[in-house]
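Close look at the chain arrangement
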Amino acid sequence: MRLFLVLLPFLCLFLAGCERAWNDPYPAVEAGANIQYTAFANRPKHLDPVQSYSEDEAVFNYQIYEPPLQYHYLRRPYALIPATGASLPRLTLLAADGKVLPPDSDPARVAFSEYEISIRPGIRYQPHPALALRPDGSPRYMPLTPQELARIRDLTDFRETGSRELVAADYVHQIKRLAHPALHSPVLELMGDYIVGLKDLHARLTADARQGPLDLTRYELAGARVVDTHTYRIRLKGVYPQFLYWLAMPFFAPVPPEADRFYGQPGMAERNLSLDWWPLGSGPYMLSENNPNSRMVLVRNPNFHGETYPCEGAPGDREAGLLADCGQPLPFIDRVVFTREKESIPYWNKFLQGYYDASGLSSDNFDQAVQIGGQGDVSLTDEMANQGIRLITSVSPSIMYTGFNMLDPVVGGGSERARKLRLALSIAIDQEEFVSVFLNGRGVPAMQPIPPGIFGSREGEAGFNRQVYDWRDGQPRRKSVEEARRLLAEAGYPNGRDAKTGEPLVINLDTTASGLGDKARIDWLTKQLKKIDLQLVVRSTDYNRFQDKIRKGNAQLFYWGWGADYPDPENFLFLLYGPQGKVKSQGENAANYANPEYDQLFEKMKAMPDGPERQALIDRMVAILQHDAPWIWGFFEKSYTLQHGWLSPRKPAKIIRSALKYQRLDPLARARLRAEWNRPMVWPAVLAGLLALVMALPAISAWQRRERSTARRQG
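In short, a report on the structure. Since the model is a prediction, treat every value here as computed from it, not as a measurement. (Residues numbered from 1 in each chain as written. Predicted model: local features only at pLDDT ≥ 70, side-chain atom pairs only at ≥ 80, totals over all residues. Heavy atoms only, no water.)

1. Section: the packing of aromatic side chains
Under the counting rule described, the total for this entry stands at 39 aromatic pairs. With a centroid separation of 6.0 Å and 90 degrees between ring planes, the pair formed by phenylalanine 558 and tryptophan 560 is classed as edge-to-face. According to the relative accessible area criterion, phenylalanine 558 is buried, its value standing at 0%. Every member of this aromatic cluster is reached through a ring pair, and the members are Tyr53, Tyr71, Tyr78, Tyr245, Trp246, Phe251, Trp562, Tyr566 and Phe574. Taking the ring centre of phenylalanine 332 as reference, the NZ or CZ of arginine 664 above it sits at 4.0 Å. (Phe/Tyr/Trp six-rings, centres within 6.5 Å; stacked < 30°, edge-to-face > 60°. Buried < 20%, exposed > 50% of the residue type's maximum accessible area, 1.4 Å probe, protein only. Lys NZ or Arg CZ within 6 Å of the ring centre and 35° of its normal.)

2. Description of unusual backbone geometry
The amide bond that connects arginine 76 to the next residue, proline 77, takes the cis arrangement and shows omega of 0 degrees. Its location among the elements puts proline 77 in the loop between β2 (69-71) and β3 (80-82). Here the bond from leucine 330 into proline 331 is cis, since omega is -5 degrees, no more than 30 degrees from zero. Among the structural elements, proline 331 can be located in the loop between β10 (295-300) and β11 (335-340). If you check the backbone angles, aspartate 473 has positive phi at about 55 degrees while not being a glycine. (Helix = DSSP H or I, 4+ residues; strand = E, 2+ residues; numbered from the N terminus.)

3. Structural notes on the side chain of arginine 614
By secondary structure assignment, the location of arginine 614 is in helix α20 (residues 612-628). Polar contacts involving the side chain of arginine 614 include one to the side chain of aspartate 568, which spans 3.0 Å. (Polar contact = N/O pair within 3.5 Å; in protein donor to acceptor, adjacent residues only side chain to side chain.)

4. Some points on the pattern of salt bridges
As enumerated under the stated definition, the model contains 42 salt bridges in all. With a shortest N-O distance of 3.4 Å, arginine 90 and glutamate 116 are connected by a salt bridge. Of this pair, arginine 90 sits in strand β4 (residues 90-94) while glutamate 116 sits in strand β6 (residues 112-118), and the two are 26 residues apart along the sequence. Across the pair arginine 164 and aspartate 170 runs a salt bridge, and its minimum N-O distance is 2.8 Å. The exposure class of aspartate 170 is buried, given its relative accessible area of 1%. Salt bridges sharing common partners tie together Arg90, Glu114, Glu116, Arg233 and Arg235. (Salt bridge = Lys/Arg side-chain N within 4 Å of Asp/Glu carboxyl O.)

5. Concerning the sheet that holds β10
The strand order β1-β11-β10-β9 describes an open sheet built from 4 strands, whose pairing is mixed. Two strands close off the open sheet at either side, each with one partner strand: β1 (35-40) and β9 (285-291). Ignoring which end each strand starts from, the neighbouring axes of this sheet average 20 degrees apart. Bridge analysis of β9 against β10 gives 6 bridges, and the strand direction is antiparallel. The partner of methionine 286 across the bridge, within β10, is valine 299. (Pairing = 2+ DSSP bridges. Axes fitted to C-alpha atoms, helices over the stretch in contact; angles between N-to-C directions.)

6. So, the environment of serine 398
One can find serine 398 in strand β16 (residues 398-404). Judged by relative accessible area, serine 398 falls into the buried class, the value being 5%. Note: C-alpha distance between serine 398 and isoleucine 655 (257 residues apart in sequence) is 9.5 Å. Non-local contacts of serine 398, meaning those with residues more than four positions away in its chain, are made with Pro451, Trp562, Gly563, Phe572, Phe635, Phe636 and Glu637. Here glutamate 637 takes part through its side chain, which lies 3.4 Å from a polar atom of the side chain of serine 398. (Contact = heavy atoms within 4.5 Å.)

7. Comments concerning the nonpolar core
Within the largest apolar cluster, 170 residues are counted, with the highest numbers of intra-cluster contacts made by Met191, Phe243, Trp246 and Phe252. With sequence-adjacent residues up to four places away left out, phenylalanine 252 is seen in contact with Pro67, Pro68, Tyr171, Gln174, Ile175, Leu178, Met191, Ile195, Phe243, Trp246 and Leu247. Counting residues in each nonpolar core, the second largest holds 23 residues, with Leu352, Tyr355, Tyr356 and Val370 among its members. (Core = buried A, V, L, I, M, F, W, Y, C linked by side-chain atoms within 4.5 Å.)

8. Description of the sheet that holds strand β7 (residues 224-228)
Whenever strands of a sheet pair, they do so through backbone hydrogen bonds, lying parallel or antiparallel. The 5 strands lie next to each other as β5-β4-β6-β8-β7, forming an open sheet whose pairing is antiparallel. Each of the sheet's edge strands pairs with one partner strand only, and the pair in question is β5 (100-101) and β7. Here β4 runs beside β5; their pairing, made up of 2 bridges, is antiparallel. Its bridge partner lying in β5, leucine 93 is registered against leucine 101. Running at roughly 175 degrees to β7, helix α4 (residues 168-177) makes contact with β7 and β8 (231-237) of the sheet.

9. Side note on helix α19 (residues 596-605)
Those residues of α19 that fall on the buried side of the exposure criterion are Tyr598, Asp599, Leu601, Phe602 and Met605. The buried residues of α19 all sit within an arc of 165 degrees when viewed along its axis, so they share a single face. The exposed residues of α19 that point more than 90 degrees off its buried face are Pro596 and Gln600. Looking at the buried residues of α19, the elements they touch are α17 (570-573) and α20. (Arc of directions from axis to C-beta.)

10. Quick notes on the environment of proline 494
Mapping proline 494 onto the fold places it in the loop between α14 (481-490) and β20 (506-511). Sequence spacing of proline 494 and proline 504 is 10 residues, and the spatial spacing of their C-alpha atoms is 9.7 Å. If near-sequence neighbours (up to four positions away) are discounted, proline 494 is found in contact with Leu488, Ala489 and Ala499.

11. Some remarks on the packing of α19 against α20
Taken N-terminus to C-terminus, the directions of α19 and α20 make an angle of 155 degrees; their axes are 10 Å apart at the nearest point. Between α19 and α20, the angle falls in the class roughly antiparallel. For the element pair α19 and α20, the recorded crossing hand is left-handed. On α20, the residues that touch Glu597, Tyr598, Leu601, Phe602, Lys604 and Met605 of α19 are Glu613, Arg614, Leu617, Ile618, Arg620, Met621, Ile624 and Leu625. The class makeup of the residues in the contact of α19 with α20 is 9 nonpolar, no polar and 5 charged. (Parallel < 35°, antiparallel > 145°, perpendicular 65-115°, else oblique. Left-handed = near helix turned anticlockwise from the far one by under 90°. Nonpolar A, V, L, I, M, F, W, Y, C, P; charged D, E, K, R; others polar.)

12. Focus: the state of the cysteines
One pass over the structure, following the stated rule, counts 1 disulfide. Each disulfide pairs two cysteine sulfurs, and for cysteine 311 the partner residue is cysteine 326, the sulfurs being separated by 1.9 Å. Between cysteine 311 and cysteine 326, the S-S torsion sits near 85 degrees, and that sign places the bridge as right-handed. Taken as a pair, cysteine 311 in the loop between β10 and β11 and cysteine 326 in the loop between β10 and β11 lie far apart in primary sequence, 15 residues in all. (Disulfide = S-S within 2.5 Å.)

13. A short note on the packing of helix α12 (residues 416-428) against α20
Packed helices, taken two at a time, are described by the angle between their axes plus the distance between the axes. Put simply, α12 and α20 touch, their axes get as near as 8 Å, and they point 90 degrees apart. With respect to α20, the axis of α12 lies roughly perpendicular. Residues Arg419, Arg422 and Leu423 of α12 lie in contact with α20, whose contacting residues are Gln626, His627 and Asp628. For the contact of α12 with α20, a count of residues per class yields 1 nonpolar, 2 polar and 3 charged.

14. Some remarks on a nonpolar patch on the surface
A surface patch of nonpolar side chains, about 230 Å² in accessible area, is lined by Val694, Leu697 and Ile700. Position of valine 694 relative to the elements: it lies in helix α22 (residues 683-714). Residue class for valine 694 comes out exposed when judged on its relative accessible area of 53%. (Patch = residues over 30% accessible without salt bridge, like charges linked within 9 Å, V, L, I, M, F, W, Y side chains within 5 Å. Areas by Shrake-Rupley, 256 points an atom, 1.4 Å probe, with all protein chains shown as cover.)

15. Overview of the pairing of β10
When a strand is regular, its side chains alternate between the sheet's two faces. Hairpin connection from β9 to β10: 3 residues lie between these consecutive antiparallel strands. Sheet analysis places β10 next to β11, joined by 5 bridges and oriented antiparallel. Of the residues in β11, the one forming a bridge with valine 299 is arginine 335.

Here it is as structure tokens:
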């Protein structure tokens, strides 16, 4: 009996291990729940849709906010369809005298483009305290008394919430917010060139802000006007066909004026109570927990308006199982938990254990997950396939590049000397080797800024960069290091030294790199420059300081990237459009490149429909860029995504950032497989305990005999 009591703790330990994995990072109450688990690496900085313009923020904002348009989840090429809109916008072209022009008019004759947008009635905002009302209809939490504010630390501390219907005025209000001087919208400069009166409104608001808080409902904007409760019009200068794509972005999602008034109350900002921290939208999900250093949580919006899964797609979608949910109400998942993972290895290990539903691939785990066949075909390893994991691949509509600051006195400018220096560096830095060594082949070396699959991109001999490559044996071959040395000498730096002073040429790279993987890349880049006898100095800093240097034009060479906002060549070619210069106008032209011919062609190209004439203009623009070399053309990323079998098949859609609502999972299958994959190894602990017990038994027996002997003597 005593032996049984001694062994009981070990037996309980063993039995407890059979019920639930000890390493499960989630609460027991979530087991089997309809919750998706994923991760994020970088904390979102802006959740206010007028400010947000990064991928780290898009993963949240596109689920929370609903612009009037969206992309069809399955159709390819990408197709715009209504979101909150009742239909696609109605376009009217107007001459300078207000006369209506035919739809096929010469863009030069068009003074204004007017988009009329009707939204569907009955769409409601998520529950939110900004919309809570008292019985008399007045705002429940406006104004907040000092006593009420004293107990508020989080949005959930407000006990009451409310909602109301979306109206056209909310969309107009958001467009006005683009001009708010305190919000610093990254698209103000671009949209100000098109939306009538937006820059004038910005000037008025900037002046009036000195007098106190701004109430945007008191200001008119000529380029955005309410027609009726569910209809509004946006007027643009000239012709800008790409504007329809912008109407599928959160910049043009509705924001109720009540949100600005609620968050604008004294004391709110100090408590992180702002639209930047707690968004308010009408999308399928709402933010319920915001701790960007560790965890973010989205929950189903109970007021979501009943969108359904599409029943039509592209060829092959039915066979891939992508139409199985035809007509089912969205979203499928109740809750999405995002955990911050700063390092890739812990993320990967938790994915293999089933604690994350999907994962990307890094160089550290590529060989464990993927195998390359003799013909270059990619497939999963047996280990991954046996776990029921799926591999989804695609070429992302994005580009990674190394930019030259064209304002820099050494590498910048339009002189032939500087151009040849840039070309020498472009040739010496071997992008093919970089893709092979650091990306395991998950990239396509770029010849120009437009990714494959976007109109204007050329394949094969028609599209290769003649300044950096030669065409040999049916494929592009990078020019030799000797050619790079020749260009460097012609630029005035024979053997990497200034021909006039004899001083070595030092190239400065500004970067945020700091990790071990980043060091390997920097070492590689240093070796690339040594091939032509140049020295590299790395000026590493944090991301905010790096951005500040780019804004002020204090960098020389820098890494940068761009993911498509919409599937049009204009969205990539504008990155080198002169008026978009980062220093000049805080635009997206981080290289501060300017070429009058290129800028003129861009102005003409952007307003044209796809076709041979537009392609010819793009070809000339690309040739100019290849000649001037404002970038070292990096690579187009290949996206590799792994997902567990309990997650429904997903279609690669990097441009469609609102795809979360289409995901479905089987939580019971996940719970079963998690338990199977994470069975604790209890027997070593039990065995060690038994061995300890066996070793202790002689001492225990001796102690028991001594106790009994003492008891007899005392008796």
